[in-house]
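Reading the structure
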Amino acid sequence: MKNEIKRSLVQLYEYPPVDIITFTEEVLNLKGQVYPKLLEKLYEVWHDGEYWLVVLDGATGWGKTTFVKISLLYLFYNAIALRNPQRAFGFARGTQLSILGVGKTKEQARNVLMNDLRNHLRMSKFFSRLREEKKTFFTRTEIREPNKGVYLMIFGSLAEENILGLNLLGAVMEEANFWGILMRSKRGHDYNVASEVFEQLLMRFQSRYADITKASSKLPFVPKLIIASSNYHEQDLTLQLREEFAGMKGVYFQSMATWDTKPVFVHSKRFKVCVGGRLQLPRIIDSEKDCENCLLKPGKTYKNCKHKLVDVPEDYRLAFERDIVKALRDLAGIPFSVIEPFILYPEKVRACTDPNLKHPWLNDKGDGVELIKSGNSYELPLPQIRTFNQKPHFAHVDLGLRYDATGFAMGYIESVEPYKIVGKDGFEFVEYRPKIVIDLMVRIKPPEDGEIPISEVRKLIYFLRDECGVRFKLISFDSFQSVDSVQALAQKGFNVDYLSVDRTVEPYYALRDAIYEGRIRFYNYKAFLDELLQLEERFDSGRIDHPPHGSKDVADAVAGVVYHCIRHAKSSMPASIFVEKREEKPWWEDLMFS
């Protein structure tokens, strides 16, 4: 029996098949250079199960890139070790077999993957011999064995057309969570680059191997699609794949913290970190006292709240004390609801929600108003609540382009209040600031096969003025693509202007200040609250933005309204005065609103 097995292996293989640990330590000559924990995970993927999809995420620095490089070279070795790889995988003679390494850009893939791959091969006696015998060739973008038609190639993420037609034995997507969104693509709408490339690769696998879990027993090794990336935010591709492929046969998931693979931290002293949530920032937990005032599980402590805790080696305490959100993401591999939250105190948002204010569209459950098909066009349903405060209103429109939602909001200055400020020099002075009410905000959802007619937004504004009696002081639009609406509204007697919330952060800073100081009231509208609490402040670009797959249409509209209210109030307010100064009557009683 042993002789028959040996004879069949000799017929199938030109070079001896070896396990992944032997390949790493002896063929690649990396003995003692790879963490034992990482070797254990490599063995699990390659030998403890017939895995075809491998998803690696979590923190930076636990060895994902090393895992990927070794796996790519192991795929290449297993393919060229076969005497006839085409026959072994059921392809016609002369068919090119490909193994892909895909990065965000071709340059990044070349620098991160290919340079190290070539260095590993140069250090390997086995591959050096093949190169001397002119059986294996290296270039800047590929490693190939032309006699057997096996190619290991490097692509950038946007070269999707290059994937078409390839016969894949394996593929790797490196740092896929950082590839981002391609805006206004040739498809007519935004799309996630990593998701698009993954679908292309998945299609190639399915077209070549049909049900790969059933076919794997007949193949010399299981082709593998490996997605590797550090976590970035809670809408990462790797997290989406975890949800989509959970429990599926042949799928392997692995997520680790930076310290999980490093032997030095196995028995180290630890401290606890509560990962927090949408209504509570993460916090270091040294005792039950640190759980006081928690909004997630009021009245409970870390011993009985069952909320997620992370045990962190003491060596990393300083990083968590300096920036706990960033440390959770980069070192523990746990993305917070946003990366650098624009709203640091979510409880302040909840405090500004007024239950006495109601959403004017009673049939909108919080995700937006849908247009109604009318002939060849669409109509916007008008609000059911039609009674609004008679004080002058400010409105802002964040127009959506094709396949985008439109955000609309309006509000007014309820009053102007004095706020006592204590300066650094100890002097006290008073600033006058407006209290603002947002009594209408709405997301208008685009139809699946088109875009929102801008005329419907104008129709809503006419309705609010003519039928509901709203007195508009100013209406602004977000871009010069709104020129027709601006001209049409101006002809109807409206005061209209442009305001781009994307070009200046002032509207969002004004909104945040109003929330933190309790100077704004709005109703509980899910579309707005979700957008607001997901906003991230990008210090590299100086922008306030939403995460990939997120939106800020309604938040933009509300920020625009707050900005107009504050600008108008400032133009009518006196300069700040010292506390000792007294006035006979409040000046704002004569505030000029006409």
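Residues numbered from 1 in each chain as written. Predicted model: local features only at pLDDT ≥ 70, side-chain atom pairs only at ≥ 80, totals over all residues. Heavy atoms only, no water.

1. Quick word on the pattern of salt bridges
As enumerated under the stated definition, the model contains 27 salt bridges in all. In this structure, Glu133 engages Arg129 in a salt bridge whose closest nitrogen and oxygen atoms are separated by 3.5 Å. For Glu133, a relative accessible area of 39% translates into the label partly exposed. One salt-bridge network, in which partners are shared between bridges, spans Glu14, Arg129, Glu133, Lys135 and Lys148. (Salt bridge = Lys/Arg side-chain N within 4 Å of Asp/Glu carboxyl O. Buried < 20%, exposed > 50% of the residue type's maximum accessible area, 1.4 Å probe, protein only.)

2. Quick word on the sheet that holds strand 4 (residues 142-145)
Taking strand neighbours across the sheet as the criterion, the eight strands line up as 3-4-5-2-6-9-1-10 in an open arrangement whose pairing is mixed. A strand with exactly one partner marks an edge of an open sheet, and here the two such strands are strand 3 (137-138) and strand 10 (251-256). Looking at chain direction, strand 6 (residues 167-174) and strand 9 (residues 224-228) are connected through five bridges and run parallel. The residue bridging Val172 from the neighbouring strand is Ile226, located in strand 9. Here helix 3 (residues 36-47) sits on the sheet in contact with strand 1 (53-58), strand 9 and strand 10, set at roughly 170° to strand 10. Of the strands in this sheet, strand 1, strand 2 (97-103), strand 4, strand 5 (150-156), strand 6 and strand 9 touch helix 4 (residues 64-81), which is tilted by about 170° from strand 6. (Pairing = 2+ DSSP bridges. Helix = DSSP H or I, 4+ residues; strand = E, 2+ residues; numbered from the N terminus. Contact = heavy atoms within 4.5 Å. Axes fitted to C-alpha atoms, helices over the stretch in contact; angles between N-to-C directions.)

3. Considering the packing of helix 14 (residues 454-466) against helix 15 (residues 483-491)
Helix packing for two helices is described by the angle between their axes and how far apart those axes are. Across the interface, helix 14 lies against helix 15 with an axial gap of 10 Å and an inter-helix angle of 30°. As far as their axial angle goes, helix 15 and helix 14 are roughly parallel. Crossing geometry of helix 14 relative to helix 15 is assigned as right-handed. Across the interface between the two elements, Ile454, Arg458, Ile461 and Tyr462 from helix 14 touch Asp484, Ser485, Ala488 and Leu489 from helix 15. Class assignment for the residues of the contact of helix 14 with helix 15 results in five nonpolar, one polar and two charged. (Parallel < 35°, antiparallel > 145°, perpendicular 65-115°, else oblique. Left-handed = near helix turned anticlockwise from the far one by under 90°. Nonpolar A, V, L, I, M, F, W, Y, C, P; charged D, E, K, R; others polar.)

4. Observations concerning the packing of helix 2 (residues 20-27) against helix 3
Running from N to C, helix 2 and helix 3 cross one another at 130°; their axes reach a closest spacing of 8 Å. With respect to helix 3, the element helix 2 is oriented oblique. For the pair formed by helix 2 and helix 3, the contact residues are Ile20, Ile21, Thr24 and Glu25 on the first element and Leu39, Leu42, Tyr43, Trp46 and His47 on the second. Of the residues in the contact of helix 2 with helix 3, the class split is six nonpolar, two polar and one charged.

5. Considerations on the packing of aromatic side chains
By the definition in use, this model includes 23 aromatic pairs. Where Tyr51 meets Tyr252, the ring centres are 5.1 Å apart and the plane angle is 65°; that geometry is what we call edge-to-face. With Tyr51 in the loop between helix 3 and strand 1 and Tyr252 in strand 10, this residue pair connects regions lying 201 residues apart in the sequence. Taking the centre distance of 6.5 Å and the plane angle of 75° together, the rings of Tyr77 and Phe127 count as edge-to-face. Taken together, the residues span a long stretch of sequence, with Tyr77 in helix 4 and Phe127 in helix 7 (residues 125-132) at a distance of 50 residues. Given the relative accessible area of 0%, Phe127 is considered buried. Through pairs of rings, three or more aromatic residues link up here, namely Tyr15, Phe23, Trp46, Tyr74, Phe76, Tyr77, Phe126 and Phe127. The residue whose ring lies beneath Lys224 is Trp46, and the NZ or CZ to ring-centre distance is 4.2 Å. (Phe/Tyr/Trp six-rings, centres within 6.5 Å; stacked < 30°, edge-to-face > 60°. Lys NZ or Arg CZ within 6 Å of the ring centre and 35° of its normal.)

6. Comments concerning helix 15
Restricting attention to buried positions, one finds in helix 15 the residues Ser485, Val486, Ala488 and Leu489. The arc that holds every buried residue of helix 15, seen down its axis, measures 170°, which confines them to one face. Opposite the buried face of helix 15, by more than 90 degrees, sit the exposed residues Asp484 and Gln491. On its buried face, helix 15 is in contact with helix 14, strand 20 (472-477) and strand 21 (496-498). The positive-phi residue at the C-terminal boundary of helix 15 is Gly493, with phi of around 95°. (Arc of directions from axis to C-beta.)

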